[in-house]
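Overview (structure and organization)
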Amino acid sequence: GLGALAGLAASASGERLQVEAASGRLLGGFTFGRLRWQDADREIEAVDLSVDWAPAALLHGTLQIATLSVDQLRLTQRPSSTATPVPTDLRLPLAVDIEKLAVSTLRWDDALTVTDLVARLSSDGRRHRIDGWRARTAGIAFSGNATLDGAAPFPLDANAQIAGLLDKRPLAVALTAVGPLDRLTISAVATEGVAGHAEIELTPFASAAFARARVQLDDIDPATWQDGAPQARLSIVADVQPQGEGIVGSFGLTNHQPGPLDKQRLPLETLAGTLEWQGEVARFASLHAAVPGKGELTGHGEWRSGAL
């Protein structure tokens, strides 16, 4: 029955779905050696997919899965010049209860690799919930929970914790995401490695990925991040928003421990300016700096990626 269903599904999909090495029973536990979906926009490939489920629960309107595990999951999205449209409905035709979802390695294009992904998924058909998810990438651990309403405007309420090492230094960040799916407010508070907070208004279905962003970092000492750099205690604030293919905004820097370079200090009290970054060029239309001894500097500048 499992093999017949796999063949029927592949045929009905116009061969966009490919199934290899199916084994087990449809009305019990089963595995696929390889499951692949490919169309004009995306490619999804799962290697060594295993499902342990309770078919009888369907009689009560619930898809109940004890374990869904995948050894390798690869997602490839074709580049597009148009924004992804906002979904019209994210409700499911039945309730879902997946006690354990486990993915050993997840690769999203060439940009992201996630390992040891584990989560519990549940839904009554409209309200979807992810509990106790955790994963790792580049030596950093992520964990959290999320709820999503499947009816427009799709309000999301999620939180995550990030812990690990950043440039061999401890890192701890708490994240929250609240709002409708097409305009999410992301807040981040860093308590270890870097002290500060950020707030970003994401617009994932618009032509620009975000509408605005504000970042504030405190107690930054360049000497702890770069050997030979002068000591300082910096606070940095930046407000940016998208413009064209780049960003525009303003920034400010305050040095709470200025001093002379011959004493391995940074001879700068404040620096403020405006920024326009398009492609490989960053332009600073106005810059104003205050240096010890009541000195001031004003000007403008331009930086090009790869320029000496």
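Coordinates for the structure precede this section.
What counts, and at which threshold
- Residues numbered from 1 in each chain as written.
- Predicted model: local features only at pLDDT ≥ 70, side-chain atom pairs only at ≥ 80, totals over all residues.
- Heavy atoms only, no water.
- Salt bridge = Lys/Arg side-chain N within 4 Å of Asp/Glu carboxyl O.
- Helix = DSSP H or I, 4+ residues; strand = E, 2+ residues; numbered from the N terminus.
- Buried < 20%, exposed > 50% of the residue type's maximum accessible area, 1.4 Å probe, protein only.
- Phe/Tyr/Trp six-rings, centres within 6.5 Å; stacked < 30°, edge-to-face > 60°.
- Lys NZ or Arg CZ within 6 Å of the ring centre and 35° of its normal.
- Core = buried A, V, L, I, M, F, W, Y, C linked by side-chain atoms within 4.5 Å.
- Contact = heavy atoms within 4.5 Å.

This paragraph deals with the pattern of salt bridges. Under the definition given, this model contains 18 salt bridges. Across the salt bridge formed by Arg34 and Glu20, the nearest N and O atoms sit 3.7 Å from each other. Remark: Glu20 occurs in strand S1 (residues 17-24) and Arg34 occurs in strand S2 (residues 30-38); sequence separation between them is 14 residues. Overall, Glu20 belongs to the partly exposed group, its relative accessible area being 41%. Via salt bridges that share partners, Glu20, Arg34, Arg36, Glu43, Glu45 and Arg74 belong to a single interconnected network.

Scanning all chains against the criterion turns up three aromatic pairs. Considering the side-chain rings of Phe251 and Phe284, the 6.1 Å spacing of their centres and the 85° angle between planes classify their relative orientation as edge-to-face. Note that Phe251 is positioned in strand S15 (residues 246-255) and Phe284 in strand S17 (residues 281-291), a separation of 33 residues in sequence. Each ring, one from Trp277 and one from Trp303, has its centre 5.7 Å from the other, and the planes form 75°; the classification is edge-to-face. Of this pair, Trp277 sits in strand S16 (residues 270-278) while Trp303 sits in strand S18 (residues 295-304); the two residues are 26 residues apart in sequence, bridging distant segments of the chain. For Trp277, a relative accessible area of 34% corresponds to the partly exposed category. The lysine or arginine in question, Arg169, covers the ring of Trp225, its NZ or CZ lying 4.9 Å from the ring centre.

Moving on: the nonpolar core. Membership of the largest hydrophobic core comes to 19 residues, with the highest contact counts inside it found for Val51 and Leu68. At the level of secondary structure, the elements contributing two or more residues to this core comprise S2, strand S3 (42-53), strand S4 (62-77), strand S5 (95-108) and strand S6 (112-123). No other element matches S5, which puts five residues into this core. Apart from residues no more than four positions distant in its own chain, Val51 is found in contact with Gly28, Gly29, Phe30, Ile65, Thr67 and Leu68. In this structure, Ala146, Leu148, Leu181 and Ile186 belong to the second largest nonpolar core, which totals nine residues.

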